[in-house]
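Structure assessment
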Amino acid sequence: MSVIFGPVPSRRFGLSLGIDLSPESKACNFDCLYCELEPAKPTDRIPHPPLVQEVITKVQEALRKFPQTQVITITANGEPTLYPYLDELIDALNKIKQDKKLLILSNASRIHEPQIQTSLAKLDIVKLSLDCATPRCFKRLDRPLKSISLDKIIKGMERFSRLYGGLLVVEILVVKGINDTKEEFAKLGEILRHIRPDRIDVGTIDRPPAYKVEPVSYERLFELSSELGPLPISIVSRNFGQKYFTNLSEREILDLLAHRPLSQEDIACLFDEQSQAIIHQLEQEKKLKKIKVGGVDFIESDL
Ligand code: SF4
């Protein structure tokens, strides 16, 4: 398999060129039930990792071929922070990235390590996963190596958030019957209010998972997100169900969006056509305004 893939359009980050630091086989210290890769025993080693120079040459070739690339995404067939030359690679990418942004997608398992914090702090965007607030849920859903502690991950995320100047996104992936309870989400809300990420993406399974687990509905994602409290939350799902809000009045829309700003995508998924037409009208009349939070457009009311 190739070290480079794409560029592919990403709804959240733009046209993205991917770097796969574990092109040979899956190498991850988790074995999440919902993983889109094949099931595999967790490991803390990438077998035969590519050399930094090899990656850089391939990225330079790709950038020449696809100059419209907007973001370079460091990922892996597994967990990219297991790559042994990560710091050196990030320094080299920063030298050749031109106007592109550098992004990493990580499961946060090593975010408590000072060296990993220093390396990731040199990136433009860091996206970390946090699916559970309790160790029991974490072990059931993400199935990490025994040595990995949720408590250390949470403390590491808090510290990293304080020192990091880029865009920090936390992703929660919801699986039916495992982390889809209001209690788990209320606890996640408490934790996330300490971490203070720029944005929280809440999603569910939308590709075939490694194990037999099921997604939750869009409506359930919305209900659970409300448990997180006043945080910048964006629901990410292709699993659209029925429209959640129908026949809302102007007043109901203004109240709702004053209490809870929603992203434009969420509005398109949650509101029926009639309510969306009112929202559009309210925007024209400047009773609603668009604000950018964590790179995503949200609509809010000043009521
Ligand atoms: S952390 Fe990512 S790559 Fe690793 S098992 Fe979970 S979903 Fe798969």
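Given the structure is predicted, the values throughout are model-derived calculations rather than measurements.

Observations regarding the overall build of the protein
What the protein contains, in helices and strands, is ten helices and eleven strands. Rg of the C-alpha trace for the protein: 20 Å, near the compact-globule value of 19 Å for 303 residues, within the 12% margin. A principal-axis box enclosing the C-alpha atoms of the protein has dimensions of 60 × 45 × 35 Å. Across the 303 residues in the protein, those meeting the buried criterion constitute 41%.

Describing the domain arrangement of the protein
As far as domains go, the protein holds domain 1 (4-241) and domain 2 (245-303). On a C-alpha basis, the centres of domain 1 and domain 2 stand 29 Å from each other. With eleven residues of domain 1 at the interface, the matching set in domain 2 holds eight residues. Listing elements by their share of the side of domain 1 that touches domain 2, those giving two or more residues are β6 (167-174), α7 (218-227) and β8 (233-236).

Some details on the packing of helix α5 (residues 150-163) against helix α6 (residues 182-195)
Look at α5 against α6: their axes get within 8 Å of each other, and the N-to-C directions meet at 30°. In terms of orientation, α5 and α6 fall into the roughly parallel class. Touching I154, M157, E158 and S161 of α5 are I191, H194 and I195, all from α6. The class makeup of the residues in the contact of α5 with α6 is four nonpolar, two polar and one charged.

Considerations on the nonpolar core
Looking at soluble globular proteins, one finds that nonpolar side chains tend to be buried together. Formed by 77 residues in total, the largest nonpolar core has its most connected members in M157, V170, I172, V174, V202 and L221. The biggest single contributor to this core is β6, with six residues. Here this core spans two domains, since at least three of its residues come from each of domain 1 (4-241) and domain 2 (245-303).

Thoughts on the sheet that holds strand β2 (residues 14-20)
What the eight strands build is an open sheet, ordered β1-β2-β3-β4-β5-β6-β7-β8; its pairing is mixed. With one partner strand each, in any of the chains shown, β1 (4-10) and β8 form the two edges of the open sheet. Across the sheet, the axes of successive neighbouring strands diverge by a mean angle of 25°, strand direction being ignored. When strand β5 (residues 125-129) meets β6, the two strands line up parallel, connected through five bridges. Within β6, the residue paired with L128 across the bridge is V170. Against the sheet, α7 makes contact with β6, β7 (199-204) and β8, and its axis sits at roughly 160° relative to β8, the strand it touches most.

Structural notes on the sheet that holds strand β9 (residues 262-263)
Across the sheet, which stays open at both edges, the three strands sit in the order β9-β11-β10 with antiparallel pairing between neighbours. Of all the strands in the sheet, just β9 and β10 (288-293) have a single pairing partner and so form its edges. Sheet topology places β10 next to strand β11 (residues 296-301); six bridges connect them, and they run antiparallel. From the neighbouring strand, K290 faces β11, where its bridge partner is I299. Together, β9, β10 and β11 form the strand contacts of helix α8 (residues 250-259), whose direction differs from that of β11 by roughly 120°.

Cut-offs and rules
Residues numbered from 1 in each chain as written. Predicted model: local features only at pLDDT ≥ 70, side-chain atom pairs only at ≥ 80, totals over all residues. Helix = DSSP H or I, 4+ residues; strand = E, 2+ residues; numbered from the N terminus. Rg over C-alpha atoms; globule rule 2.2 N^0.38 Å. Buried ≥ 20, exposed ≤ 12 C-beta atoms within 10 Å, placed from the backbone. Domains from an automatic or database assignment. Contact = placed C-beta atoms within 7 Å. Axes fitted to C-alpha atoms, helices over the stretch in contact; angles between N-to-C directions. Parallel < 35°, antiparallel > 145°, perpendicular 65-115°, else oblique. Nonpolar A, V, L, I, M, F, W, Y, C, P; charged D, E, K, R; others polar. Core = buried A, V, L, I, M, F, W, Y, C linked by C-beta atoms within 7 Å. Pairing = 2+ DSSP bridges.

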